[in-house]
Amino acid sequence: MTESKNRELAISATSKIFEKVNDALRKRDTDKRWFWELLQNAKDTVVFKKGETTQLNDPNKKVDVKLTLTKNEKNETILKFEHNGNPFKFSNHQYKYDDPKCLLLADSGKIEEDETQREDITGQFGTGFLSTHILSLRILVEGIFLDKQGDYNEFNFELDRQFQNKLQLAEKVEKSLDQYDSNFKPVNNLSTFETSFTYFLNNHKEGIEEGINTVKSGIEGLEKYIPFVLSFSKEIRSVEIFDN
């Protein structure tokens, strides 16, 4: 995709991202909701439209989730959410972006026909995912993309929502799009956890201490509620939480 096209996409998405991120940061409940939004996204990867057939279809597919609070090689405090659900995939719909573009442009990927054909999916990358920026304004996305030719490609890009105005945000959205376009590498052997979202807690809007507090606030009560989730959600097999 050309630079000018990415710039057009960035400009068209900027106002929505600007408003939704600021809205998410103002809401009082987002510090407790972020985990459930990410869990829902992991679940949605194994939900298909009625009658949809791809090489990923498996009615018995279940997802394992791993949540880790730790430090990376640069000694940055991070929260990493990983899952082994289905990878990101291409779109056959002329008015719908491929999954990674939906994430980059804060598009839910849900269109009107999904309301009846894909009852269990909530729209993976819309407002719900934006609310996870309560953890950090900087997120590293790593995953696998299934293209139209049936080939798997690994990719990564950074979502940087640190901005003072819309122009600054548009520049960062364009940078993420360019980074995404240049980071595809063919893969043959898929890793155990194919998708991860790494939140840099140093880039929490109010600093690292508040970032860690937001993580702890979201994790509180999980031991109480996770057994119910596993009982009633046929798509989720396990949830592991590590505090290193």
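Anyway, here's the lowdown on the structure attached to this text.

1. A closer look at the overall build of the protein chain
When helices and strands are counted, the protein chain shows 8 helices and 8 strands. Per-residue burial over the protein chain gives 49% buried out of 244 residues. Sequence-distant contacts, at least 24 apart, represent 71% of the contacts inside the protein chain between residues at least 6 apart. Carbon and sulfur atoms make up 45% of the accessible area of the protein chain, which amounts to about 12700 Å² in all.

2. Side note on the nonpolar core
Within the largest apolar cluster, 48 residues are counted, with the highest numbers of intra-cluster contacts made by W34, F35, L79, V141, F197 and Y199. With 6 residues, helix 1 (residues 3–26) is the largest single contributor of residues to this core.

3. So, the pattern of salt bridges
Enumeration according to the criterion identifies 11 salt bridges in this entry. Taking the shortest distance from any N to any O, the salt bridge between E37 and R33 comes out at 3.2 Å. Taken together, the positions of E37 and R33, both in helix 2 (residues 30–44) and 4 residues apart, correspond to about one turn of that helix. By relative accessible area, R33 is classed as partly exposed at 24%. Between D160 and K172 there is a salt bridge, with its nearest N and O atoms 3.2 Å apart. In this pair, D160 is assigned in strand 5 (residues 152–160) and K172 in helix 6 (residues 166–181), connecting sequence segments 12 residues apart. One continuous salt-bridge network, built from bridges that share partners, spans E76, R138 and E158.

4. Describing a nonpolar patch on the surface
A cluster of nonpolar side chains, Y225, F228 and F232, forms an exposed patch at the surface whose accessible area comes to about 410 Å². Within the element layout of this structure, F232 appears in helix 8 (residues 222–232). For F232, a relative accessible area of 73% corresponds to the exposed category.

5. Structural notes on the packing of aromatic side chains
Tallied over the full model, the rule gives 12 aromatic pairs. Relative to F197, the ring of F129 lies with its centre 5.4 Å away and its plane at 55 degrees, an arrangement referred to as tilted. Placement of F129 in helix 5 (residues 127–130) and of F197 in strand 7 (residues 195–200) is noted, with a sequence separation of 68 residues between them. We note that F129, like F197, is buried. Here F155 and Y180 contribute two aromatic rings whose centre-to-centre distance is 5.6 Å and whose plane-to-plane angle is 90 degrees, an arrangement assigned as edge-to-face.

6. Section: the packing of helix 2 against helix 7 (residues 208–219)
With their axes 7 Å apart at the nearest point, helix 2 and helix 7 run at an angle of 65 degrees to one another. Taken as a pair, helix 2 and helix 7 cross one another with a handedness that is right-handed. Where helix 2 abuts helix 7, its residues D31, K32, W34 and F35 lie against T214, V215, S217, G218 and I219.

Cut-offs applied
- Residues numbered from 1 in each chain as written.
- Predicted model: local features only at pLDDT ≥ 70, side-chain atom pairs only at ≥ 80, totals over all residues.
- Heavy atoms only, no water.
- Helix = DSSP H or I, 4+ residues; strand = E, 2+ residues; numbered from the N terminus.
- Buried < 20%, exposed > 50% of the residue type's maximum accessible area, 1.4 Å probe, protein only.
- Contact = heavy atoms within 4.5 Å.
- Areas by Shrake-Rupley, 256 points an atom, 1.4 Å probe, with all protein chains shown as cover.
- Core = buried A, V, L, I, M, F, W, Y, C linked by side-chain atoms within 4.5 Å.
- Salt bridge = Lys/Arg side-chain N within 4 Å of Asp/Glu carboxyl O.
- Patch = residues over 30% accessible without salt bridge, like charges linked within 9 Å, V, L, I, M, F, W, Y side chains within 5 Å.
- Phe/Tyr/Trp six-rings, centres within 6.5 Å; stacked < 30°, edge-to-face > 60°.
- Axes fitted to C-alpha atoms, helices over the stretch in contact; angles between N-to-C directions.
- Left-handed = near helix turned anticlockwise from the far one by under 90°.

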